[in-house]
Amino acid sequence: MITLNEKQTDEAAVNAPTRTKIAVAKGDGIGPEIMEATLRVLQAAGARLDIEEIEVGENVYLAGNSSGITKEAWDVIRQNKVLLKAPITTPQGGGYKSLNVTMRKMLGLYANVRPCTSLAPFVKTKHPVMDVVIVRENEEDLYAGIEHQQTDEVVQCLKLISRPGCEKIVRYAFEYARQYGRKKVSCFTKDNIMKQTDGLFHKVFDEIASEYPDIEKEHWIVDIGAAMLADSPEKFDVIVMPNLYGDILSDVAAQITGSVGLAGSANIGESCAMFEAIHGSAPLIAGLGVANPSGLLQAACMMLNHVGQNDIAEKIYNAWLKTIEEGVHTPDIYQEGTSKQKVGTQDFATAVINNLGQKPAQLSSVAYGKGIKFNMPKYMPKPAATKKLLGVDVFVHWNGRDPEEIAKQLQQLDTPEVKLSMITNRGIKVWPEGFAETFCTDHWRCRFQHAQEQPITKEHIVAILAKAIEKNIDTIKTENLYAFDNRKAFSLGQGQ
Ligand code: NAD
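Keep in mind that this is a model prediction, so the values were computed, not measured.

Parameters at a glance
- Every chain is numbered on its own, with residues counted from 1 as its sequence reads.
- With pLDDT at 70 or above as the cut-off, local features in this predicted model cover only qualifying residues; side-chain atom pairs require 80 or more to be listed or tallied, and sums for whole chains, interfaces and linings still use all residues.
- As a rule here, side-chain values come from all non-hydrogen atoms in the structure, and water together with hydrogens is ignored.
- Helix numbers and strand numbers start at the N terminus; a helix is a DSSP run of H or I with at least 4 residues, a strand a run of E with at least 2.
- When a residue's accessible area, from a 1.4 Å probe over protein chains only, is under 20% of the maximum for its type it is buried; when over 50% it is exposed; and in between it is partly exposed.
- Contacts are assigned to residue pairs that have any heavy atoms within 4.5 Å of one another.
- To measure how exposed things are, a 1.4 Å probe is used in the Shrake-Rupley method; for residues, cover is taken only from the protein chains shown.
- A residue counts as positive if it is Lys or Arg and as negative if it is Asp or Glu; His and the chain ends are not included.
- A charged residue contributes its charge at one atom only: NZ of Lys, CZ of Arg, CG of Asp or CD of Glu.
- UniProt positions are given in the numbering used here, feature names are shortened, and annotations may be inferred rather than shown by experiment.
- By convention in these notes, a residue is near a molecule or strand provided one of its non-hydrogen atoms lies within 4 Å of it.
- Any pair of nitrogen or oxygen atoms within 3.5 Å is treated as a polar contact; in protein, a donor-acceptor pairing is required on top of that, and neighbouring residues in sequence qualify only through side-chain atoms on both sides.
- Amino acids outside the nonpolar list (Ala, Val, Leu, Ile, Met, Phe, Trp, Tyr, Cys, Pro) and the charged list (Asp, Glu, Lys, Arg) are all regarded as polar, and Gly is one of them.
- The term nonpolar core refers to a set of buried residues drawn from Ala, Val, Leu, Ile, Met, Phe, Trp, Tyr and Cys, joined through side-chain atoms within 4.5 Å.
- Two rings from Phe, Tyr or Trp (for Trp, the six-membered ring) form a pair when their centres are within 6.5 Å of each other. A pair whose planes differ by under 30 degrees is stacked, one over 60 is edge-to-face, and the rest are tilted.
- A ring is considered to have a charge above it if a Lys NZ or an Arg CZ atom is located within 6 Å of its centre and within 35 degrees of its normal.

A. Main features of the overall build of the protein. Looking only at helices and strands, one finds 14 helices and 21 strands in the protein. If one aligns the C-alpha atoms of the protein with their principal axes, the spans along those axes are about 85 × 55 × 55 Å. Out of the 496 residues in the protein, the part that is buried amounts to 52%. A separation threshold of at least 6 residues defines the contact pool for the protein, and within that pool the share at least 24 residues apart is 77%. Surface accessibility of the protein: about 23,200 Å² in total, with carbon and sulfur atoms responsible for 52%. The distance from the centre of the 54 positive side-chain charges to the centre of the 61 negative ones in the protein is 3 Å.

B. Representation of the UniProt feature "domain: Isopropylmalate dehydrogenase-like" (unreviewed entry) in the protein within the structure. Here, the residues flagged by UniProt with the feature "domain: Isopropylmalate dehydrogenase-like" (unreviewed entry) are residues 21–352. Summarising residues 21–352: 39% helix, 20% strand, and an end-to-end C-alpha distance of 24 Å.

C. Spotlight on the site of the ligand. Within the structure, the ligand sits among 17 residues, and Ile-88, Gly-280, Ser-281, Ala-282 and Asn-292 are positioned closest to it. Here Asn-292 contributes a backbone N or O atom positioned 2.9 Å from a nitrogen atom of the ligand. Burial of the ligand by the protein chains amounts to 61% of its free accessible area of 820 Å². Each residue belonging to the shell around the ligand can be placed in one class, and the counts come to 7 nonpolar, 7 polar and 3 charged.

D. Structural detail: the nonpolar core. One finds Leu-42, Leu-84, Phe-275, Ile-316 and Trp-320 to be the most contacted residues of the largest nonpolar core, which totals 81 residues. Beyond its immediate stretch of four places on either side in the chain, Leu-84 contacts Ala-23, Val-24, Ala-25, Met-35, Thr-38, Leu-42, Phe-275, Leu-296, Ala-299, Ala-300 and Met-303. Val-394, Trp-398, Ala-407 and Val-418 belong to the second-largest nonpolar core, a separate cluster that totals 24 residues.

E. Representation of the packing of aromatic side chains within the structure. Counting across every chain of the model gives 13 aromatic pairs. For the ring pair Tyr-172 and Phe-374, a centre distance of 4.8 Å and an interplane angle of 40° mean the geometry is tilted. Of the two residues, Tyr-172 is situated in helix H6 (residues 163–179) and Phe-374 in the loop between helix H12 (345–354) and strand E16 (387–397); the sequence distance between them amounts to 202 residues. Phe-374 gets classed as partly exposed once you look at its relative accessible area, which sits at 24%. Taking the ring centre of Phe-236 as reference, the NZ or CZ of Lys-184 above it sits at 5.9 Å.

Given below as structure tokens:
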């Protein structure tokens, strides 16, 4: 255990501010250098931390652990609940699982928070007035990793979006805005196309936004929202997004501030949290002493805010801004004319230490006040809806190309009440009344519904599937078609 800023004597300890135990992973490549620099700044600033070091990453992978982390390391993280992590190297070749994805899922780190702020005119950027925080949902969406090959020609990946997942991330975004004095939360989805999944995210956004009347809210379809973000980031403040859009756009946002090397990120869960720089282990400059420790230092400030040491976070952040403003720059951001002094990793840290207690003159300083406290109530499940089974989509692997022909075969599966009503191919309606121009693969969705639009039973589905076996029709999966509280909860065929 390493102790930053020793515990006080017994009498003094009574009134001393709380200390926090954290786990630290020094990582690979430039990881150990930037971690050393960061810990020096934390120590000098008076951070009240007891550090337990763990090993994760390349050596653990190469020792035969495909997840890059040992059971002992998991235990330390779960006991301490907070991890400050330097970047790690994922070895080349197959079979190694991403440690970051594993950690997010295993520890329930549902919110990925990435502040992206321009430091103009001290760091070159096309967007000098940018100060955006991306809040990315971190556990669901296409990252559930549920993929299947279903036919010779078609593979699928399930996009799972849950109400608790949406509520947690959207509330986190609004709480973040309120606690950090931000004015607006924007939501990006593609709910004009994905009406169920992104539709739920948008709906929950509107519901939760109504609990925060003091904060402006807006929704953008992700494509035009992304274009606006890249072109005019000054229009945005906090942006909340489902996982995939957030993954892509948080990198875009960080890059257009001037450098991905400057940004940190927080991965927040209900009981654990992990803080890291957004860049990787930069193996080509490892050991040269030139890496910029700013990303990890930003992450450390987010960690200090998270554990209630806001005073220290504020002191470090303002000293860091002042150092950037003074033109003391590592080579990645050094620019003739703007920068004054080119320094290595440790000298940069020393410059930040020398500025502790000072504020920037031109860049906006931060003030975290008495502390940041999020109000995140436990998820309360809604009462169960009344659920009606209105039909079934039977997916079929069939190598023919003529929809009329497969329809004829599938109509043999009709029961007296439940009939084939539609066939789509990759979501496009091809029967009845399809277009000859529509390209068809070997993957057919065949919808069966009650002829009088009545609910059907699971016995109907079993009867349809039993007949399919009899008729040698290759069914590959089924999806039940439900109405929840009389609201149809499934997509129509494109063109239906
Ligand atoms: P990278 O971020 O390591 O490097 C990209 C470029 O940015 C390189 O030119 C590098 O020299 C430069 N750079 C990155 N951080 C810098 C810093 N602090 N100061 C100065 N320059 C910096 O990305 P990569 O090369 O694609 O990946 C290298 C390794 O890092 C891979 O093994 C990858 O899997 C891993 N990685 C880890 C994480 C993580 O642990 N969170 C994230 C991304 C990549």
